[in-house]
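Spelled out from the first residue to the last, the chains are:
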Amino acid sequence: MVLRSKLAIMDHNANINKELIGDKAQFSKATGSWVLKNKYAKSTNIWKYDIMEKVEKFCTNKNTNDINSIPKVAHEVVVPDRIAQIPKPAIEELKKNKFSRFSQVPT
């Protein structure tokens, strides 16, 4: 659990101050309706490559245990395409009702 927390922190630190590039419609389970969220530039994953390289070197080292001894996932997890119970409205309709707790968007 500590390792997952550290990876989450590294990912967050690598992707702060991303550029706001627009809006996107997203279904909110809490409200049960479609809401408009900010859309940011793609995340960077450059920091992961160093970690992956070190893991690959560790696994190919002759002094370590056999990599095939690592257990595989027993079954595939089926993930539904969408959780929304209602159809997605037009983006213009969502933009009319956009509200942010940080600032009001003038209509």
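Residues numbered from 1 in each chain as written. Predicted model: local features only at pLDDT ≥ 70, side-chain atom pairs only at ≥ 80, totals over all residues. Heavy atoms only, no water.

Looking at a positive patch on the surface
Consideration 1: There is a patch of like positive charges on the surface, built from Lys18, Lys24, Lys37, Lys39 and Lys42.
Consideration 2: Tracing the backbone shows Lys24 in strand S1 (residues 20–28). (Patch = residues over 30% accessible without salt bridge, like charges linked within 9 Å, V, L, I, M, F, W, Y side chains within 5 Å. Areas by Shrake-Rupley, 256 points an atom, 1.4 Å probe, with all protein chains shown as cover. Salt bridge = Lys/Arg side-chain N within 4 Å of Asp/Glu carboxyl O. Lys, Arg positive; Asp, Glu negative; His and termini not counted. Charge placed at Lys NZ, Arg CZ, Asp CG, Glu CD. Helix = DSSP H or I, 4+ residues; strand = E, 2+ residues; numbered from the N terminus.)

Description of a nonpolar patch on the surface
Consideration 1: A surface patch of nonpolar side chains, amounting to about 410 Å² of accessible area, comprises Leu3, Leu7, Met10, Ile51 and Val55.
Consideration 2: Counting only elements with at least two residues in the nonpolar patch, the list comes to helix H1 (2–14) and helix H2 (46–60).
Consideration 3: Its location among the elements puts Met10 in helix H1.
Consideration 4: For Met10, a relative accessible area of 36% corresponds to the partly exposed category. (Buried < 20%, exposed > 50% of the residue type's maximum accessible area, 1.4 Å probe, protein only.)

Here we look at unusual backbone geometry
Consideration 1: At Asn17, a residue that is not glycine, the phi angle is positive and equals roughly 60 degrees.
Consideration 2: Mapping Asn17 onto the fold places it in the loop between H1 and S1.
Consideration 3: Residue class for Asn17 comes out exposed when judged on its relative accessible area of 77%.

A word on the packing of H1 against H2
A pair of packed helices can be characterised by two numbers: the angle between their axes and the separation between those axes.
Consideration 1: It is at 9 Å that the axes of H1 and H2 come closest, and there the two elements cross at 145 degrees. Only Trp47, Lys48 and Ile51 of H2 make contact with H1, whose side of the interface consists of Leu7, Met10, Asp11 and Ala14.
Consideration 2: Here the contact of H1 with H2 is composed, by residue class, of five nonpolar, no polar and two charged. (Axes fitted to C-alpha atoms, helices over the stretch in contact; angles between N-to-C directions. Contact = heavy atoms within 4.5 Å. Nonpolar A, V, L, I, M, F, W, Y, C, P; charged D, E, K, R; others polar.)

Some words on the environment of Ala41
Consideration 1: Within the secondary structure, Ala41 sits in the loop between strand S2 (33–40) and H2.
Consideration 2: For Ala41, a relative accessible area of 24% corresponds to the partly exposed category.
Consideration 3: Ala41 sits 23 residues away from Lys18 along the chain, and the two C-alpha atoms are 6.0 Å apart.
Consideration 4: If near-sequence neighbours (up to four positions away) are discounted, Ala41 is found in contact with Lys18, Glu19 and Ile21.

Here we look at the nonpolar core
Consideration 1: By size, the foremost hydrophobic cluster in this structure holds six residues: Ala25, Phe27, Trp34, Leu36, Ala84 and Leu94.
Consideration 2: Listing elements by their share of this core, those giving two or more residues are S1 and S2.
Consideration 3: Residues contacting Ala25, with those up to four places away along its chain left out, are Trp34, Val35, Leu36, Lys88, Ile91 and Leu94. (Core = buried A, V, L, I, M, F, W, Y, C linked by side-chain atoms within 4.5 Å.)

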